[in-house]
Number of protein chains: 4
Amino acid sequence: MKFEVKANLQYQVKNNSSIILNISALNTPHQKVISETLEVTKGVHQKEFLSSPEGNRLTSLEILNDQNLNINYSAQVNQYCEIKGYDRIKDLNIAKLPANVLTYLNPSRYCQSDKLYRLANNMFGYKKDDFDKVSALTHWIYLNVAYLSGSTDAETSAYDTVTEQAGVCRDFAHLGIALCRALTIPARYFTGYAYQLSPPDFHACFEAYIDGDWVLFDATRLIPLNGMVKIATGRDAADAAVASLFGDINFISSKISCELIDQKFEPFNQDDQSRRGVIYL
Amino acid sequence: MKFEVKANLQYQVKNNSSIILNISALNTPHQKVISETLEVTKGVHQKEFLSSPEGNRLTSLEILNDQNLNINYSAQVNQYCEIKGYDRIKDLNIAKLPANVLTYLNPSRYCQSDKLYRLANNMFGYKKDDFDKVSALTHWIYLNVAYLSGSTDAETSAYDTVTEQAGVCRDFAHLGIALCRALTIPARYFTGYAYQLSPPDFHACFEAYIDGDWVLFDATRLIPLNGMVKIATGRDAADAAVASLFGDINFISSKISCELIDQKFEPFNQDDQSRRGVIYL
Amino acid sequence: MKFEVKANLQYQVKNNSSIILNISALNTPHQKVISETLEVTKGVHQKEFLSSPEGNRLTSLEILNDQNLNINYSAQVNQYCEIKGYDRIKDLNIAKLPANVLTYLNPSRYCQSDKLYRLANNMFGYKKDDFDKVSALTHWIYLNVAYLSGSTDAETSAYDTVTEQAGVCRDFAHLGIALCRALTIPARYFTGYAYQLSPPDFHACFEAYIDGDWVLFDATRLIPLNGMVKIATGRDAADAAVASLFGDINFISSKISCELIDQKFEPFNQDDQSRRGVIYL
Amino acid sequence: MKFEVKANLQYQVKNNSSIILNISALNTPHQKVISETLEVTKGVHQKEFLSSPEGNRLTSLEILNDQNLNINYSAQVNQYCEIKGYDRIKDLNIAKLPANVLTYLNPSRYCQSDKLYRLANNMFGYKKDDFDKVSALTHWIYLNVAYLSGSTDAETSAYDTVTEQAGVCRDFAHLGIALCRALTIPARYFTGYAYQLSPPDFHACFEAYIDGDWVLFDATRLIPLNGMVKIATGRDAADAAVASLFGDINFISSKISCELIDQKFEPFNQDDQSRRGVIYL
């Protein structure tokens, strides 16, 4: 599918501040960036496409004067995510995992999986394999956690959400990741532009490592799983923040869009029966 | 300096378990592993020196039968850490940091720096530069946090320690890291074999990124700063655990040692006046 | 039923310390203390049977010299708890509750019910009345929380236990109370001597306010519900600690017993079908 | 001094809800209610002046129909608080404390003093007596905690505020109480109407038990200490909430006032040198 994505971000910034942006679409064999522009208010020093350890494309901005900073990103992207069946899957062999997958078994700032072992195993441990476990926990989050704008903040973590049971996409993703890791299933945070998300915004969901693939899950059920343009992955929102702010910076506004350029789009909504999943490579 | 380090670890393990070990000395131009052996009970499948994203040397063990697992690591290492003065240091320019340093500004599982901004800035923000800030916070931890074996567990984090004010080396390191990051100073967890540590054990301290160097700090003051053989770095103990256990595994015992082979050793204990620090490359 | 209860407590105490004991059996029309003695090492100043706001019988000890403090309490008690059916119960009318019941709807140190509203209502809100709700949550705790000595400490609260799912009687009681209050059912902490508890110790469970009665529930299922000699009630363990220590005091040992003096005892174990409960007046 | 206090509260309420109000001025020998009225929208069943275990004057409202509920309280009150010197004070003798004071040494929902022992003693333990300790901790809160509307919510506790260092009057009071109790000084929450508070609102501060008196402290420094009309005391905001809501109830607005009727008023602002305090009996 071909998408056009746009992000406009505005901040009020005092001098000597920095922003690390993480809003550029990934550019991989399976997600080709056809064209893109990143425009920033004049006079801001900009270093583009620093590659993070996770392979994300960061841009660092150095702002030397007080100003209203205006950031405009737009890109056209060909996205070839894959829909795949997980009918018969091999057991995870931890001793054979690559080290860059192992890291996604560790607890992280917003995904304290070490505190959820008993809970996760009591609830989902009986399921027959990892696909069923992740499907079941994603469904449980969907049923039990209320999607409530403003109910959480930048400090809210999976440990909070598992009891408070309210949050936004970021919190849904963190809880999904924490439960996966507590079940010894590697899982990571995923951000992107999302087609048909209403109201339009950046979106967060999560990937679980199943049968050698990073399979996408979204406990919010707000979007078709195959309608995303991938920006970043990381352990959690600490790694994959859209913008990391250093200095005296106030958020003013943002406007995000993700439009389909192709004629046709066949939405793939997760279906607990089908055992099929979507992979973004 | 030339050191001989040894670790003996014993576990009671049920079949189909895995262990990811992180006890091998790093091998770099400034820390040369002269010789090393890793012996594990026969029949355990062993994959050596998987390199983690942080450059640590992991060993994965796959244990297929019930057994008492016996692990023996020993190495001779030439360690050339550097003692350097930080009298005049350049300000940190975030926009110019490499992406693999930026990551150490993020909060992590055990170092929730995002919750400590006001506290850290109220306490240490007035200090004149980053070296003074890190010295001051390390000194404050030394004075206020009681070193108490058994007072904390694997879930204890900097957010706990900053108020409960008791812990072990791991907790001292986590609190140091969290306070640094809250002051916008990149900081990471550091594990190693420690000369003159009593009782002998693995040791944890932390590195702060000052003037382009990763400078070692140890708020426990239990060892000379230049007497370590480096094993690993990471965001916190979640990244750099000595052993990550998967399956039905019980710890039996450990025995660690770090002996000096050279004739002479001149201990460098941190001295708040001198503005000198130790770098492990 | 007639019981004989005994408690021996030993502490190592430095001078100028105080202990507030809460180990005396309540003396009410429905629990008659036939005889009792409280013996404390000579020279300790002792003020007996201070009545707490909750009606508990406290003893304050003032220790002026360093010593091994030895405390011996024993009592014979006639206990007339009532077993009652709750087949048809009236709805709780909050506006008509006495103020000393209202207080048990509030969150407390170890029972942060304000954080569990959604969770409690998602899990148990659909049950038809308050008796069913409390039965169901007590049963859920029994099934999901592992009884593990040493897994928790004096700071552990219901907010921890609901996710960590391990603890001792105190933690089981706190979680029961927090879930009740989150469902707008008044609930309070209950301590006592427990017949047939193995190993013998003080025991904690909880009372829920149902149809105008304080009905006893015990999610540990370790004892018959009608085999207790009541010591105290309170919001949680903060109100009803067996001993509150002020000064330099170390616990040495305790020995508790609760023997039946009567010939016969018909144990009443909670049975989710019967809708019967036990009341201690 | 003679004050006129007024509170107007408006809620949108669905049928079958209840509200427990705690907005009536206390009526004691030292705070005489000269006249008062409480008017509530017609048809609401109202039970006035239920006395809480702490002696507060509660009003329960039972709302049977959907409505916009309008509550108007007004009172004229003669307030005779006492300003007293604490130059030479006797040490606290815990063993001689009445049981209804002992309870204010316990940790509570929002004042987890059990987690702050080392911190409180490291920071304030060296001060010469209880008055100096409470003065010092109140001053520390004033200097370090930012008064920021909207920075906290109904779940925020002293354990959060001691590190996050931002909050409103309720959070300042909770932190003061927790630090006092951690220093073995009984302390309780205090709510009232406050003269010269800007913007006008209910106010919360705390009382510490010093030399047999409950002495008022206010770490916000927003008001003169002798300008309050006392509503309630309790362990923390869980005991002394202005309004406890049960059912489907949304807050619409509130308007509070506290006017001086007397000609003259000599403000008493706490002064760390004078060792004088204000007592509300």
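Residue numbers run consecutively from 1 along every chain, following the written order of its sequence. The order in which chains are written sets their letters, starting at A; the order in which ligands are written sets their numbers, starting at 1. Given that this is a predicted model, residues contribute local features only at a pLDDT of at least 70 and side-chain atom pairs are listed and counted only at 80 or more, while totals for whole chains, interfaces and linings are drawn from all residues.

### With respect to the overall build of chain A
Under the convention used in this document: Comment: elements are numbered from the N terminus, with helices defined as DSSP H or I runs of at least four residues and strands as E runs of at least two. Only the C-alpha atoms count toward the radius of gyration. The rule for a globule is 2.2 Å times the residue count to the power 0.38. Working definition of a contact: two residues with C-beta atoms, positioned from the backbone, lying within 7 Å.
In terms of regular secondary structure, chain A is built from five helices and 16 strands. Relative to a compact globule of 281 residues, whose C-alpha radius of gyration would be 19 Å, chain A shows 19 Å and is just as compact. Reported as C-alpha extents along the three principal axes, the dimensions of chain A are approximately 60 × 40 × 35 Å. Across chain A, the fraction of contacts at a sequence separation of at least 24, relative to all contacts at a separation of at least 6, is 76%.

### Observations concerning the arrangement of the chains
There is no contact between chain B and chain C; across them, the least C-alpha separation is 10 Å. The two units chain A and chain D remain apart, with a minimum C-alpha distance of 10 Å.

### A few points about unusual backbone geometry
For the peptide bond that leads from serine 198 of chain A to proline 199 of chain A, omega is -5 degrees, which places it in the cis range. Relative to the helices and strands, proline 199 of chain A resides in the loop between strand E10 (187-194) and strand E11 (202-210). Look at threonine 184 of chain B: it is not a glycine, yet its phi comes out positive at around 60 degrees. Following the sequence through the fold, threonine 184 of chain B ends up in the loop between helix H5 (169-182) and strand E10 (187-194).

### Concerning the pairing of strand E2 (residues 17-21) of chain C
All names here are of chain C. We apply this condition: Exposure in this text rests on C-beta crowding, where 20 or more other C-beta atoms within 10 Å of a residue's own make it buried, 12 or fewer make it exposed, and counts in between make it partly exposed. The C-beta atoms are placed from the backbone. Between any two strands, pairing holds if DSSP finds at least two bridges.
Counted residue by residue, E2 has five buried out of five residues, so it is predominantly covered. Residues of E2 alternate between two faces, with Ser17, Ile19 and Leu21 on one and Ser18 and Ile20 on the opposite face, all of them buried. Looking at chain direction, E2 and strand E5 (residues 57-63) are connected through five bridges and run antiparallel. Looking across to E5, one finds that isoleucine 19 is bridged to leucine 61. Of the strand pairs in this sheet, E2 and strand E14 (residues 243-246) are connected by four bridges, and their pairing is antiparallel.

### A look at the sheet that holds strand E1 (residues 2-13) of chain A
All names here are of chain A. Defined as follows: Axes here mean lines fitted to C-alpha atoms, for a helix over just the part in contact, with angles spanning 0 to 180 degrees between N-to-C directions.
Here we have four strands laid out as an open sheet, ordered E3-E6-E1-E15, and antiparallel in their pairing. Lying at the two open borders of the sheet, with one neighbouring strand each, are strand E3 (31-40) and strand E15 (249-260). For this sheet, the mean angle separating the axes of adjacent strands, direction not counted, is 10 degrees. Judged from the nine bridges that link them, E3 and strand E6 (residues 67-79) form a sheet pairing that is antiparallel. Each residue of the ladder has a partner; that of leucine 38, found in E6, is tyrosine 73.

### Details of the domain arrangement of chain A
All names here are of chain A. Test applied: Each domain's extent was defined by an automatic or database domain assignment. Residue polarity follows a fixed list, in which Ala, Val, Leu, Ile, Met, Phe, Trp, Tyr, Cys and Pro are nonpolar, Asp, Glu, Lys and Arg are charged, and the others, Gly among them, are polar.
Along its sequence, chain A is carved into domain 1 (2-80 + 245-260) and domain 2 (82-227 + 268-279). Taken residue by residue, the interface counts six residues in domain 1 and six residues in domain 2. Every element with two or more residues in the side of domain 1 that touches domain 2 is listed here: E1 and E15. No other element matches the four residues that E15 contributes to the side of domain 1 that touches domain 2. Considering only residue class, the side of domain 1 that touches domain 2 consists of five nonpolar, one polar and no charged.

### A word on the pairing of strand E1 (residues 2-13) of chain B
Successive side chains on a regular strand alternate, one facing one side of the sheet and the next facing the other. Residue and element names in this part refer to chain B. Only one face of E1 is buried: it carries Phe3, Val5, Ala7, Leu9, Tyr11 and Val13, and the other face, with Lys2, Glu4, Lys6, Asn8, Gln10 and Gln12, is open. Pairing of E1 with strand E6 (residues 67-79), which is carried by twelve bridges, proceeds in the antiparallel orientation. Bridging from a neighbouring strand, lysine 6 pairs with serine 74 of E6.

### Quick word on the interface of chain B and chain A
Listed per partner, the contact involves 31 residues of chain B and 31 residues of chain A. Class assignment for the residues of the side of chain B that touches chain A results in 13 nonpolar, eleven polar and seven charged.

### Quick notes on the relation of the copies chain D and chain C
Our working definition: For the least-squares superposition of copies, only C-alpha atoms count, and only for residues with pLDDT at least 70 in both.
For the pair chain D and chain C, the superposition axis carries a translation of 0.0 Å, the fit reaches an RMSD of 0.0 Å, and the rotation angle comes to 180 degrees. Both chain copies can therefore be described as sitting about a two-fold axis. For chain D, the smallest separation between a C-alpha atom and the rotation axis is recorded for arginine 109 of chain D, amounting to 1.9 Å. Here 100% of the interface residues in chain D have copies in chain C that are interface residues too; the copies meet face to matching face.

### Overview of the environment of alanine 219 of chain D
Residue and element names in this part refer to chain D. Summarising the element assignment, alanine 219 is placed in the loop between strand E12 (213-217) and strand E13 (228-234). On the neighbour-count criterion, alanine 219 (25 C-beta atoms within 10 Å) is buried. When the C-alpha atoms of alanine 219 and serine 135 are compared, they prove to be 9.2 Å apart, with 84 residues separating the residues in sequence. Setting aside chain neighbours within four positions, we find alanine 219 in contact with Thr138, Ile141, Tyr142, Phe172 and Gly176.

### Remarks on the sheet that holds E2 of chain C
Residue and element names in this part refer to chain C. Strand order in the open sheet formed by four strands is E4-E5-E2-E14, and the pairing between neighbours is antiparallel. Both edges of this open sheet fall to strand E4 (45-51) and E14, since each of them pairs with a single strand only. When the angles between neighbouring strand axes are averaged without regard to direction, this sheet yields 15 degrees.

### Some thoughts on H5 of chain B
This is how the line gets drawn: The span expected for a helix works out to 1.5 Å for each residue beyond the first.
Taking 1.5 Å of rise per residue, the 14 residues of H5 of chain B would be expected to cover 20 Å, and the 20 Å separating its terminal C-alpha atoms lies within 8% of that figure. Summarising burial for H5 of chain B: 14 of the 14 residues are buried, a large majority.

### Quick look at the relation of the copies chain B and chain A
For the pair chain B and chain A, the best superposition has an RMSD of 0.0 Å and corresponds to a rotation of 180 degrees with a translation of 0.0 Å parallel to the axis. Most of the interface of chain B is mirrored in chain A: 100% of its interface residues are interface residues there too.

### Digging into the interface of chain D and chain C
At the interface, 31 residues of chain D touch 31 residues of chain C. Elements with a minimum of two residues in the side of chain D that touches chain C: strand E2 (17-21), strand E4 (45-51), strand E5 (57-63) and helix H1 (99-102) of chain D. When the residues that make up the side of chain D that touches chain C are grouped by side-chain class, the tally is 13 nonpolar, eleven polar and seven charged.

### Observations regarding the packing of helix H3 (residues 130-144) of chain D against helix H5 (residues 169-182) of chain D
Residues and elements named next belong to chain D. Which entries qualify depends on this criterion: By convention, the crossing between two helices is left-handed when the near helix turns anticlockwise from the far helix through less than a right angle, and right-handed when the turn is clockwise.
Taken N-terminus to C-terminus, the directions of H3 and H5 make an angle of 145 degrees; their axes are 10 Å apart at the nearest point. When the axes of H3 and H5 are compared, the crossing they make is right-handed. Facing Val134, Leu137, Thr138 and Ile141 of H3, the residues of H5 in contact are Phe172, Leu175, Gly176, Leu179 and Cys180. Its residues assigned to classes, the contact of H3 with H5 comprises seven nonpolar, two polar and no charged.

### Focus: helix H3 (residues 130-144) of chain C
Residue and element names in this part refer to chain C. Taking 1.5 Å of rise per residue, the 15 residues of H3 would be expected to cover 21 Å, and the 21 Å separating its terminal C-alpha atoms lies within 8% of that figure. Taken together, the buried positions of H3 are Asp130, Phe131, Lys133, Val134, Ser135, Leu137, Thr138 and Ile141. Buried residues in H3 make contact with helix H2 (117-124), helix H5 (169-182), strand E11 (202-210) and strand E12 (213-217).

### Topic: the confidence of the model for chain A
A low pLDDT score tells you not to read the predicted coordinates there in detail. Put simply, the rule is: Per-residue confidence from the predictor is given as pLDDT, running between 0 and 100.
Per-residue confidence for chain A averages 95 on the pLDDT scale, and 100% of its residues sit at or above 70. With a pTM of 0.95, the predicted complex shows an ipTM of 0.95.

### Thoughts on the environment of methionine 228 of chain B
Within the element layout of this structure, methionine 228 of chain B appears in strand E13 (residues 228-234). Distance in space between the C-alpha atoms of methionine 228 of chain B and tyrosine 280 of chain B is 8.8 Å, their sequence separation being 52 residues.

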